[in-house]
Amino acid sequence: MSNWLFPNRDASGEAGTAPESEVTPEAADVDPETIEIDPVRADEIAPGTSVLVVGPPMTGKRRLLFDLVGGSASETAAFVTTKKPADKMAAWFRTTRPDEEAWRLSFVDCSGRRTRISRNRGTDLADLRTVSNPGDLTGIGIELTGILRGWHRDSVTDPRVGLHSLSTLLMYADIKRIYQFLHVVTTRIETVGGVGVFTMDVSPRGEADDVLKQIFDALVEVREGDDGPEFRVRGAEFGPRSWTTF
């Protein structure tokens, strides 16, 4: 298939203690409990970047997905949902946004579950596209391409795409097909100057993780820490490099 959206294509050792005379009054007065740890800075993700959010189930990957997609300067986004129906994803996402009505949202729903449209609940979906099941990668690609073409036509700035979750796709298709699918999708997103965010559960033996990670520009790792879910960012500068509670 070929068109404008398908280009061919410590030091080790124990640290010493500073002399008392070198400790400034400001440093001595710092309360560790009040230090604000570097949060995710979704608005600083460079156009054309594709991000993989990976970690065990139930560790907040969807929350980070919403935060990263929510950094769109134009408040324009599309979600490909493989697990939950589009109306639920829309409602969940909008509750995380200060001005939920300002968003231009599109959905490709391949969950196979019924989406109920309810204007009273604020989940009316102006642009809803459905694909029969998560195994229809061609159908997903076609519908997403239609959304991206619309953004390109309208010269949308910083549009974002979120896909939740690659783990479901892996239940329907082999890694090779998914790799090819993601290569094309991330290239299309880059073509329109967008940002792509994809979630995936850690696989039991890690084969899918190692193969699919190669496609992405940045990685957000998530784990369950002593004080709750923690995350760190690798390959980009929009979040903390060390494990941080969120």
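Scroll up a little and you will see the structure.
Quick summary incoming for the structure in this document. These numbers were taken from a predicted model, which means no experiment stands behind them.

## Some thoughts on helix α3 (residues 86-95)
At step 1: Buried within α3 are the following residues: A86, D87, M89, A90, F93 and R94. Take α3 and look down its axis: the buried residues cluster within an arc of 160 degrees, on one side only.

## Details of the packing of aromatic side chains
At step 1: Per the stated rule, a full pass over the model turns up 7 aromatic pairs.
At step 2: With a centroid separation of 5.0 Å and 90 degrees between ring planes, the pair formed by F93 and W103 is classed as edge-to-face. Taken together, the residues span a long stretch of sequence, with F93 in helix α3 and W103 in the loop between α3 and β3 (104-109) at a distance of 10 residues.
At step 3: Three or more aromatic residues joined by ring pairs make a cluster, and in this case those are F66, F79, F93, W103 and F107.
At step 4: Sitting over the face of the ring of W92, R62 holds its NZ or CZ atom 4.0 Å from the ring centroid.

## Some words on the environment of V220
At step 1: With respect to the helices and strands, the residue V220 is situated in strand β7 (residues 218-225).
At step 2: By relative accessible area, which is 2% here, V220 ends up buried.
At step 3: When the C-alpha atoms of V220 and L65 are compared, they prove to be 9.9 Å apart, with 155 residues separating the residues in sequence.

## A few points about the environment of V161
At step 1: Residue position: V161 is located in strand β5 (residues 160-164).
At step 2: Judged by relative accessible area, which is 2%, V161 ranks as buried.
At step 3: C-alpha of V161 to C-alpha of A77: the two residues are 84 residues apart in sequence and 5.6 Å apart in space.
At step 4: For V161, the residues in contact, after removing those within four places along its chain, are V69, A78, L144, L148, W151, I189, V195, G196 and V197.

What counts as what
Residues numbered from 1 in each chain as written. Predicted model: local features only at pLDDT ≥ 70, side-chain atom pairs only at ≥ 80, totals over all residues. Heavy atoms only, no water. Buried < 20%, exposed > 50% of the residue type's maximum accessible area, 1.4 Å probe, protein only. Helix = DSSP H or I, 4+ residues; strand = E, 2+ residues; numbered from the N terminus. Arc of directions from axis to C-beta. Phe/Tyr/Trp six-rings, centres within 6.5 Å; stacked < 30°, edge-to-face > 60°. Lys NZ or Arg CZ within 6 Å of the ring centre and 35° of its normal. Contact = heavy atoms within 4.5 Å.

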